[in-house]
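Inside the fold
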Amino acid sequence: MIDFHAHLPHMLTLLKHLVETESPSNDKAAVDRVGAIVQEECHRLGAEIEVIPNTETGNHIIARWNAHLPHQPILLLHHMDTVFPLGMLERMPFYSKDDKTYGPGVLDMKGGIVISLAAIQGLQQARELNRPVTALFTSDEEIGSGTSRALIEQLAAQAAIVLVMESGLVDGSIKVWRKGVGDFIVKVKGRAAHAGGEHEKGRNAIRELAYQVLEIEKMTDYTVGTTVNVGVIRGGTVTNVVPDEAVAEGDIRILLPQEAARIEAALKALKPAFPDTSVEVTVTFNRPPLPFNETNQAALAKAQQIAATHGLELRAGGSGGGSDGNFVAPLGVPVLDGLGAVGADYHSEREWIYTTSLASRAQLVAALLRDW
Ligand SMILES: [Zn+2]
């Protein structure tokens, strides 16, 4: 068995380099700097590298090993961008203490990049990298994967399985389900009037919207994992005017694919409750759900079997948050998510990983790449 704990110092050095190269999604030059490090590392490991150029966001990078072999590749999925703006490093510097390592993006998901590359390197050194492996490093996951979605789907469709190197749950579980994500805007129009002199001529858009919010709240159904959350509300201008406009914005999470149509229909069916007002609704689904369906149940069982032969325990959970793994599910290709570093508090200044999880996850990923 490969001793990945011996790789830890090198893994930490690379992680420090990646984290200290800050990479907010909307800063192309910054994300491309991480891309340059990733290319250099993949090149060092003998990969064939393909760069997919982007004008607005960072370039995407594809690295391929053993592409000449006939089997279907395993796809390792990563993103290089983080939610943190440039300069966050001053407030949350990269450092390790006890068994924890801190810094912007250590968990989400620069740790995952380091784990994949260590797994490949370990297998190469042991001469056990015997199948095609494709690694995709995208630049815009944290802003919805607008420029990478088609590429993810294209590479995933050819893969035997997709391993998403997003963070694991804090207890070490991987993620076998994720909720699908959508959003909506409800715009209400009424009629303005002087609140003192002609109040009866007014049609209060806020009152109308208040009614609609209560209707929207009824669409949540915990029994099937669906939530519809009004998160923002705006309306009116000053206190002595009957408001003629009000807007609500919200977030939709679904676990079952068919819930998308139910929620969209229900939102679009909203009708004004009071006379002379109008209600206009827009609904957008960004990521479909990644359900724990038969395909992924079989994938988990197989992964657990492989892990067990290496003396590793593999537990599974899920997340209400989406990832690029969500795009894979509708293709019918097996996908296991959350194979990256183990930690918590992602997207916050406290973001951290268990340092030794870099090694234990590299061992798990190497086992899956070797024996799948
Ligand atoms: Zn992520």
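Note that the structure is a prediction, hence the values are computed from the model and not measured. (Residues numbered from 1 in each chain as written. Predicted model: local features only at pLDDT ≥ 70, side-chain atom pairs only at ≥ 80, totals over all residues. Heavy atoms only, no water.)

1. Some remarks on the domain arrangement of the protein
A common way to state how big an interface is: give the accessible area lost once the parts meet. In terms of domain boundaries, the protein breaks down into domain 1 (4-178 + 290-371) and domain 2 (180-287). A C-alpha centroid distance of 38 Å is found between domain 1 and domain 2. Counting from both sides, the interface comprises 14 residues of domain 1 and, opposite them, seven residues of domain 2. Linking domain 1 with domain 2 are two salt bridges, by the criterion used here. One salt bridge connects aspartate 324 with arginine 287, and the closest N-O pair in it is separated by 2.8 Å. A breakdown of the residues in the side of domain 1 that touches domain 2 according to their chemical character gives three nonpolar, seven polar and four charged. (Domains from an automatic or database assignment. Contact = heavy atoms within 4.5 Å. Salt bridge = Lys/Arg side-chain N within 4 Å of Asp/Glu carboxyl O. Nonpolar A, V, L, I, M, F, W, Y, C, P; charged D, E, K, R; others polar.)

2. Focus: the coordination of the zinc ion
In the first shell of the zinc ion, the protein supplies His79 (NE2), Asp108 (OD), Glu166 (OE) and Glu166 (OE), at 1.8 to 2.4 Å from the metal. Its four donor atoms give the zinc ion angles of 56 to 147° at the centre, a pattern that matches the irregular case. (Donors = N, O, S within 2.8 Å, 3.2 Å for Na, K, Ca; no water. Tetrahedral: all angles 85-135°; square planar, octahedral: opposite > 155°, others 65-115°.)

3. Notes on the nonpolar core
One finds Trp65, Phe137 and Leu336 to be the most contacted residues of the largest nonpolar core, which totals 65 residues. If one sorts the elements of this core by residue count, helix 4 (residues 106-125) sits on top with eleven residues. Within the second largest apolar cluster, 21 residues are counted, among which are Val213, Met219, Ile263 and Leu267. (Core = buried A, V, L, I, M, F, W, Y, C linked by side-chain atoms within 4.5 Å. Buried < 20%, exposed > 50% of the residue type's maximum accessible area, 1.4 Å probe, protein only. Helix = DSSP H or I, 4+ residues; strand = E, 2+ residues; numbered from the N terminus.)

4. As for the sheet that holds strand 14 (residues 278-287)
The strand order across the open sheet built from four strands is 11-13-9-14, with neighbouring strands paired in antiparallel fashion. In the strand order of this sheet, the two ends are held by strand 11 (227-235) and strand 14, each with one partner. Within this sheet the neighbouring strands show an average axis-to-axis angle of 15°, counted without direction. Sheet strands touched by helix 6 (residues 205-217): strand 9 (180-189), strand 11, strand 13 (245-254) and strand 14. Its angle to strand 11, the strand with the most contacts, is close to 170°. (Pairing = 2+ DSSP bridges. Axes fitted to C-alpha atoms, helices over the stretch in contact; angles between N-to-C directions.)

5. Observations concerning the pattern of salt bridges
Pairing of side chains with opposite charge becomes possible as their charged atoms draw close. All chains considered together, the criterion is met by 22 salt bridges. In this structure, arginine 44 engages glutamate 41 in a salt bridge whose closest nitrogen and oxygen atoms are separated by 2.9 Å. On the criterion of helical spacing, the pair formed by arginine 44 and glutamate 41 is a turn pair, its members being three residues apart in helix 2 (residues 28-44). Since its relative accessible area comes to 45%, arginine 44 is described here as partly exposed. Among the residues examined, glutamate 41 registers a relative accessible area of 11% and is labelled buried. Arginine 370 is the salt-bridge partner of glutamate 128, the closest N and O atoms lying 3.4 Å from each other. With glutamate 128 in the loop between helix 4 and strand 6 (133-138) and arginine 370 in helix 9 (residues 357-371), this residue pair connects regions lying 242 residues apart in the sequence.

6. Some words on the packing of aromatic side chains
The geometry of an aromatic ring pair is captured by two quantities: the separation of the ring centres and the angle between the planes. Going through the model one piece at a time under the given rule, you end up with three aromatic pairs. Each ring, one from tyrosine 95 and one from tyrosine 102, has its centre 4.8 Å from the other, and the planes form 15°; the classification is stacked. Taking the relative accessible area as the measure of exposure, tyrosine 95 reaches 38% and is therefore partly exposed. On the basis of relative accessible area, tyrosine 102 is assigned to the partly exposed category, the value being 22%. Ring geometry for tyrosine 211 versus phenylalanine 274: centroids 6.2 Å apart, planes at 75°, classification edge-to-face. You can see tyrosine 211 sitting in helix 6 and its partner phenylalanine 274 sitting in the loop between helix 7 (259-268) and strand 14, a full 63 residues away along the chain. (Phe/Tyr/Trp six-rings, centres within 6.5 Å; stacked < 30°, edge-to-face > 60°.)

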